[in-house]
Structure formats: structure tokens, C-alpha cells
Amino acid sequence: MSANDVVPAAGTVTISADAAEAGRRAGEVAAQVLRDTLAERGQARVVFASAPSQDAMIRTLTSAEGIDWTKVTSLHLDEYRGIDPHHQAAFGQWLADRLPEQAHGGLDRIRTHGTAQAEIDRYTQILHDRPIDLVCLGIGVNGHLAFNEPGDTSFDDPRAIREVELTHTSRKQQVDEGLFTSLDEVPTHALSMTVPAIMRGAALVCTVLGGAKAHAVSSSLTGEVTARVPATALRTHERMFMFLDEGAASKLPGDFPAERGESR
């Protein structure tokens, strides 16, 4: 499949009939970005979000032809502090469970224990080591990016990664998505890439699914670009591709300019 078959214009929002279709289309674009990068440079670096909304995308990406995962460095956007690194909800474990075996040698997980500053320093060096070619991400129910929360985000943050205190809304989202059985189990702090660090990715593929995200999507794609809605920063990126299902798109204005995905 050629790039023209799967890659929409940069900045395009694509609305699909269901979550599976949205995820598949997102995964195809992510795969094309990686293929192009590997063909050009022989190696690639990708940062992943770890969330149920990313499942169909990552299944498509990891089953795509033409990607040598031994030449891909895989990183992730954020991680809980203090969680058992093998817990099913730990973001590094979530990613390890879904990447192909050939990718595991290139997976560098954020460490969950030790001092926060030591891990911030270590992962900052990794993020700055070489450019990030692709960021696969979503949007939180309150418009957060990674764990950059409304009211606690700077679009000018000089850091690449920082420690954050999680909001009640973001912690509850983890319970609502079935990752924890109760709010008491959800960690209160995490390390998160900052918005400027995310925006330095050469291409962003954003997958947002479900009616619970509809208000966040509408707030992110319309109105003022503001740190009060961290996901509005996506609109300033030159190679951002967003994929929505009908639920996530349900609060967008009727005349919002979006492409419609075609089922297969």
C-alpha cells in the first residue's frame, strides 16, 4: 500500500463509523510513517500512549508489513510512580504486552521506582538522544495530553519529562476504562512527557474513541488554543493526524471540516 493510499493531509481529522475502523486507519498511517523513516534513515524512534483507545491502532501497526522492529526504539509518554512494573495497568507493561517480540530489545520503559528526579534525568537523556519520528497518542476525558492536566500545563515548559500529581478526573478515567478496580488502587503521581516534548515528534497520530471523550475532542479542535485545554496544542503541529469514531466526534459542529473513513 502506498503512502497516498493511507496518509491523509497533515492536520486532517478523520471520522470513522466505529472504533475498530478508526484504530485501523490510525495504525495504517503510523505504519507508513515508520516505513518511510526506516527507508530514509535505517532506524526510527516512536513514543506510544498506553491506553485502551490505542489497542486497534497498535494491532494494525504491529502487524503491518515492511517494518523491521529490531531497528525501532520504542518509548512511552508517561508512567505511574510506585506501581509494580509488571502490573497490567503499568504503561510500560501495557506496551510490552502489545509490541512484537522483535521490538522488545528496543523498548526503553520509564522506571516506576527509585527517585523521581533520577528517572527524570535518565529519560530526559533518552528523549534528547535523537529526534522522535512518531508519537502515537490520545486525548484524556478532561483534554489532557499524556498526564499534562488542565491548570497544570505550560506550552513553554523547558523540561522533557516531569513529575505530576494526577487529578481525580484522570484517575477515575483509569477505573472507568477497567484498568483498576477502584480509585484507591490508582497511583496519585506519575512521570509524564511535557507538551513541548510531545510536540517535537516529527509526526503525531492521535486516536480518540468513545462518547466519553466527545467534549474533550470538541474543546480541543475548536476555540482558543490554550494550556487550559492541553490537547489544543495538537492543532499547532504541522504533521498531526487525528482519528475519531462517531462517538468521539459527536459534539463537533456540524460544519467541522473532517474526512470520513470508509469501512472495509
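Below, the structure is looked at part by part.

Quick notes on the rules
Residues numbered from 1 in each chain as written. Predicted model: local features only at pLDDT ≥ 70, side-chain atom pairs only at ≥ 80, totals over all residues. Heavy atoms only, no water. Helix = DSSP H or I, 4+ residues; strand = E, 2+ residues; numbered from the N terminus. Rg over C-alpha atoms; globule rule 2.2 N^0.38 Å. Buried < 20%, exposed > 50% of the residue type's maximum accessible area, 1.4 Å probe, protein only. Contact = heavy atoms within 4.5 Å. Areas by Shrake-Rupley, 256 points an atom, 1.4 Å probe, with all protein chains shown as cover. Pairing = 2+ DSSP bridges. Axes fitted to C-alpha atoms, helices over the stretch in contact; angles between N-to-C directions. Salt bridge = Lys/Arg side-chain N within 4 Å of Asp/Glu carboxyl O. Parallel < 35°, antiparallel > 145°, perpendicular 65-115°, else oblique. Nonpolar A, V, L, I, M, F, W, Y, C, P; charged D, E, K, R; others polar.

1. Quick notes on the overall build of the protein
Item 1. The secondary structure content of the protein amounts to eight helices and 10 strands.
Item 2. The C-alpha atoms of the protein give 17 Å as radius of gyration, which agrees with the globular expectation for 264 residues (18 Å, within 12%).
Item 3. Once the C-alpha set of the protein is aligned to its principal axes, its extents read approximately 45 × 40 × 35 Å.
Item 4. The proportion of buried residues among the 264 residues of the protein is 56%.
Item 5. Nonlocal contacts in the protein, meaning residues at least 24 apart in sequence, comprise 79% of its contacts between residues at least 6 apart.
Item 6. For the protein, the accessible area works out to roughly 11200 Å², and carbon and sulfur atoms hold 47% of it.

2. Focus: the sheet that holds strand β8 (residues 204–208)
Item 1. In spatial order, the strands read β3-β2-β5-β8-β9-β1-β10; together these seven strands make up an open sheet with parallel pairing. Across the chains shown, the open sheet's two edge strands, defined by having one partner strand only, are β3 (72–76) and β10 (259–260).
Item 2. Two strands pair when backbone bridges link them, and strand β5 (residues 134–137) and β8 are joined in this way by three bridges, in the parallel orientation. Looking across to β8, one finds that L137 is bridged to C206.

3. Things to note about the sheet that holds strand β4 (residues 78–80)
Item 1. Across the sheet, three strands lie side by side as β4-β7-β6; this open sheet has antiparallel pairing. The sheet terminates laterally at β4 and β6 (161–165), the two strands that pair on one side only. Sheet twist, expressed as the mean angle between neighbouring strand axes with direction ignored, is 20 degrees.
Item 2. Two elements, β4 and strand β7 (residues 189–193), share three bridges in a ladder whose sense is antiparallel. Following the sheet pairing, D78 is matched in β7 by S192.

4. With respect to the pattern of salt bridges
Item 1. Counted under the stated rule, the structure contains 12 salt bridges.
Item 2. A salt bridge links R122 to E119; its shortest N-O distance comes to 2.8 Å. Placement of the pair is R122 and E119 together in helix α5 (residues 116–129), with a separation of three residues, close to one helical turn.
Item 3. One salt-bridge network, held together by shared partners, links E21, R24 and E28.

5. Quick notes on the packing of helix α3 (residues 55–63) against helix α4 (residues 91–98)
Item 1. At their nearest, the axes of α3 and α4 sit 10 Å apart, and the two run at 40 degrees to each other. Looking at the two axes, α3 sits oblique to α4. Across from D55, I58 and T62 in α3, the residues of α4 making contact are W94, L95 and R98.
Item 2. Among the residues forming the contact of α3 with α4, the class breakdown is three nonpolar, one polar and two charged.

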